[in-house]
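Summary of structural features
Each chain is listed here by its residues.
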Amino acid sequence: MKRQKRFLNEPLDKLNEKFRKEYPEIRISYSEFCKRRPFWIVKPTVKDRDTCLCKTHANLQFMADKLLYHKVIKSSKIEDLIVSLCCDNYTKECMYRECPVCVAKELETSTFDPGAQTSWYEWKGKAEEREKNKKDGTKEKFIAHLTVKEKIDGTLHTLLEDFSTELKERLGKHVYNIRHQYAALRGLKENVSEDEIVLHIDFAENFLCKYSSEIQAVHFGDSHQQASLHAGVAYTKKGVISVCSISSSFRHDPSAIWAHLSKVLTYLKDQHPTASVLHVVSDGPTTQYRSKKNFYLLTNMPYQMGWKKVTWNFLEAGHGKGPADGIGAVVKRRADDLIARGKDIPNARVLFEELQQQKSTIELFYVGPDDIEALDVHVPSQLQTIILHCKSSFVSRQFNKNVSNKCFYCFQLNIFYIRVH
């Protein structure tokens, strides 16, 4: 029998108390009550937490849940609420609040006390001053940028005003971009031509290297090394290629990105010598993929490998997950299986060598720290910041051309990109 798995929202002892109050005529012991729990009703575990939520969606959901609790609004489904404010939730004008017909629409609310006090949560960025020990024994202060969950106090009127503003000015654009990016990129992958390759990439969480059996000092100490994984899926006319590069370096900056990509792109070029157009898809962290140093390397590295045109597509913030994350999970699970069967994997090099010996459709590459450091010398210390007319969602480079940028529709999407002319 197959059933949809459901999670318990409360402990069984509390549910037993509720059951006794609602059905006093039924006499059943606590142990028997626990035994009668259906097999598809399970206790949630730490690994079942949502750990990749979108900040925009999460903050608005906190506000919507609180407004629903106070019965100010009739639904806490935020995407349904934005739909109620639009004529057509699939047109850019409506979702961007540019439509003259629905621009003045307001949320439907019930009667409430605007001065009533309430509280809700919000994910916020926070700067914190910390100290670290230097090699010479002195301490150095630095600023750490954190994201924290803070409790906000205010009135229902303030909460409703903030929610309505965020819903109209941010969520509509956010949802529209997500839908159309996914639709356009899906179309690109399905209709890729002979001379094109679409490469979806992302860094996976570092893999913690382990021994098959360990003494206490190793297991509880700082003796474990980690391996950095850069995974990707390449879509070609002939099929799909899964790739993953492994490194002992924890760097995720542009030099590291292109050290990983150089191995992958060289392999793809060897396998598909007629390919000349590369479309890279990734999320958009400003210290990694969407940085000026990465744009600089984008204008130099690909054509040296024989590519004539490269586009870099940044997915909407908080929604960059894709098939590359699955590749990273498969690699780590396979490594854990080897350790469970008695293999020692103490470092990134051994991890690569052991996985190479296994049958797999994932193409593996090793990137040493020297490969990354070799690219550092090619990146100027002073680079001009790229000023965009609009938020960058798409970056393009064409062979032997100069740099300029302008707003533009790409892949039939209403998003923007920089083109290197």
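Residues numbered from 1 in each chain as written. Predicted model: local features only at pLDDT ≥ 70, side-chain atom pairs only at ≥ 80, totals over all residues. Heavy atoms only, no water.

Thoughts on the environment of Y182
Assignment of secondary structure puts Y182 in helix α6 (residues 156–190). Taking the C-alpha atoms as reference points, Y182 and L315, separated by 133 residues in sequence, lie 8.5 Å from one another. Excluding its chain neighbours within four sequence positions, the residues that come into contact with Y182 are L315, H319 and K321. (Helix = DSSP H or I, 4+ residues; strand = E, 2+ residues; numbered from the N terminus. Contact = heavy atoms within 4.5 Å.)

Quick notes on the layout of surface pockets
When its volume is computed, the largest pocket comes out at roughly 1,100 Å³. For the lining of the largest pocket, the secondary-structure elements that each account for two or more residues are α3 (55–69), β4 (139–155), β5 (196–203) and α11 (323–340). If one sorts the elements of the lining of the largest pocket by residue count, α3 sits on top with six residues. Along the lines of polarity and charge, the residues of the lining of the largest pocket split into twelve nonpolar, ten polar and 13 charged. (1 Å grid on protein atoms, 1.4 Å probe; cavity = no way out; pocket = protein on both sides within 12 Å on 5 of 7 lines; lining within 4 Å. Points joined across faces, edges and corners; volume = space filled by probe spheres on them. Nonpolar A, V, L, I, M, F, W, Y, C, P; charged D, E, K, R; others polar.)

Digging into the pairing of β4
Bridging between strand β3 (residues 117–133) and β4 involves 17 bridges; their strand directions are antiparallel. Looking at the pairing, W123 lines up with K149 of β4. (Pairing = 2+ DSSP bridges.)

Remarks on unusual backbone geometry
Glycine aside, a negative phi is what most residues show, and trans is what most peptide bonds show. Positive phi is not limited to glycine here, since K71 has a value of about 60°. Although it is not a glycine, R97 sits at a positive phi angle of roughly 60°. Here R97 lies in the loop between α5 (92–95) and β3.

Concerning the packing of α11 against helix α12 (residues 348–356)
Geometry of a packed helix pair, given as the angle between the helix axes and the separation of the axes. Contact geometry of α11 with α12 gives a least axis separation of 11 Å together with a crossing angle of 90°. Here α11 is positioned roughly perpendicular relative to α12, judged by the angle of their axes. Between α11 and α12, the residues in contact are V331, R334, A335 and L338 and L351, E354 and L355, respectively. (Axes fitted to C-alpha atoms, helices over the stretch in contact; angles between N-to-C directions. Parallel < 35°, antiparallel > 145°, perpendicular 65-115°, else oblique.)

Regarding the environment of E150
Relative to the elements of secondary structure, E150 occurs in strand β4. With a relative accessible area of 29%, E150 lands in the partly exposed category. Measuring from C-alpha to C-alpha, the distance between E150 and Y121 comes to 5.5 Å, with 29 residues separating the pair along the chain. Residues within four places of E150 in sequence aside, it is in contact with W120, Y121, E122, K124 and K126. (Buried < 20%, exposed > 50% of the residue type's maximum accessible area, 1.4 Å probe, protein only.)

Observations concerning the packing of aromatic side chains
For the structure on display, the rule yields twelve aromatic pairs. Where F203 meets Y289, the ring centres are 6.2 Å apart and the plane angle is 20°; that geometry is what we call stacked. With F203 in strand β5 and Y289 in the loop between β9 (277–282) and α9 (292–298), the pair connects residues that are 86 residues apart, well separated along the chain. As far as burial versus exposure is concerned, F203 and Y289 are alike and both buried. (Phe/Tyr/Trp six-rings, centres within 6.5 Å; stacked < 30°, edge-to-face > 60°.)

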